[in-house]
Amino acid sequence: MNPIIEFCISNLGSGGYEALQILEEDPDLDIVEYGCLDHCGLCGETLYALVNGDVVTAETPENLIAAIYQHLKDNPMF
């Protein structure tokens, strides 16, 4: 079972799409896009993704990618 990375489509329009494209190249991740993840206040402030249900934030796409991988390292599934 791969980690699940969820993106809000509104946040993708704010710069998260670049991170999504790079993460989609990793065959060990399952990437999902939703119309809304119900984190509207957060969505308007910063880039974010849900990583196995946990919110991970960053100011740039590059930092979001790094934060996602760090979260996965710090919180292994098994």
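Residues numbered from 1 in each chain as written. Predicted model: local features only at pLDDT ≥ 70, side-chain atom pairs only at ≥ 80, totals over all residues. Heavy atoms only, no water.

(A) Representation of the nonpolar core in the model. If you look at the biggest cluster of nonpolar residues, it comprises 16 residues, and the most contacted ones within it are I5, F7, L23, V51, L64 and I68. At the level of elements, strand 1 (4–8), helix 1 (9–24), strand 3 (47–51), strand 4 (54–58) and helix 3 (61–74) are the ones that each hand at least two residues to this core. In this structure I5 touches L23, L29, D30, I31, V32, A49, L50, V51 and I68, once residues within four positions along its chain are discounted. Formed by five residues, the second largest nonpolar core is a distinct cluster that contains C8, L37, C43 and L50. (Core = buried A, V, L, I, M, F, W, Y, C linked by side-chain atoms within 4.5 Å. Buried < 20%, exposed > 50% of the residue type's maximum accessible area, 1.4 Å probe, protein only. Helix = DSSP H or I, 4+ residues; strand = E, 2+ residues; numbered from the N terminus. Contact = heavy atoms within 4.5 Å.)

(B) Broad picture of the pairing of strand 2 (residues 30–34). Alignment of strand 1 against strand 2, held across five bridges, turns out to be parallel. Considered in strand 2, the bridge of I4 is made with D30. Note on the crossover from strand 1 through helix 1 to strand 2: the handedness is right-handed. (Pairing = 2+ DSSP bridges. Right-handed = clockwise from strand over helix to strand, strands pointing away.)

(C) Quick look at the sheet that holds strand 2. An order of 2-1-3-4 is seen for the four strands of this open sheet, with the pairing classed as mixed. At either margin of the open sheet sits one strand with a lone partner, and together these are strand 2 and strand 4. Taking each pair of neighbouring strands and ignoring which way they run, the sheet shows an average axis angle of 30°. Where strand 3 lies against strand 4, five bridges are found, and the strand directions are antiparallel. Within the sheet, the bridge partner assigned to L47 lies in strand 4 and is A58. (Axes fitted to C-alpha atoms, helices over the stretch in contact; angles between N-to-C directions.)

(D) Representation of the environment of I5 within the structure. Assignment of secondary structure puts I5 in strand 1. Expressed as a C-alpha distance, the spacing of I5 and V56, which sit 51 residues apart in the sequence, is 9.8 Å.

(E) Just the environment of E24, in detail. Here E24 lies in helix 1. Since its relative accessible area comes to 46%, E24 is described here as partly exposed. In the structure, E24 is positioned 19 residues away from I5 in sequence and 9.6 Å away in space, judged by C-alpha atoms. When sequence neighbours within four positions are dropped, the list of residues in contact with E24 reads I31 and E33.

Worth remembering: the numbers are spatial, not functional.
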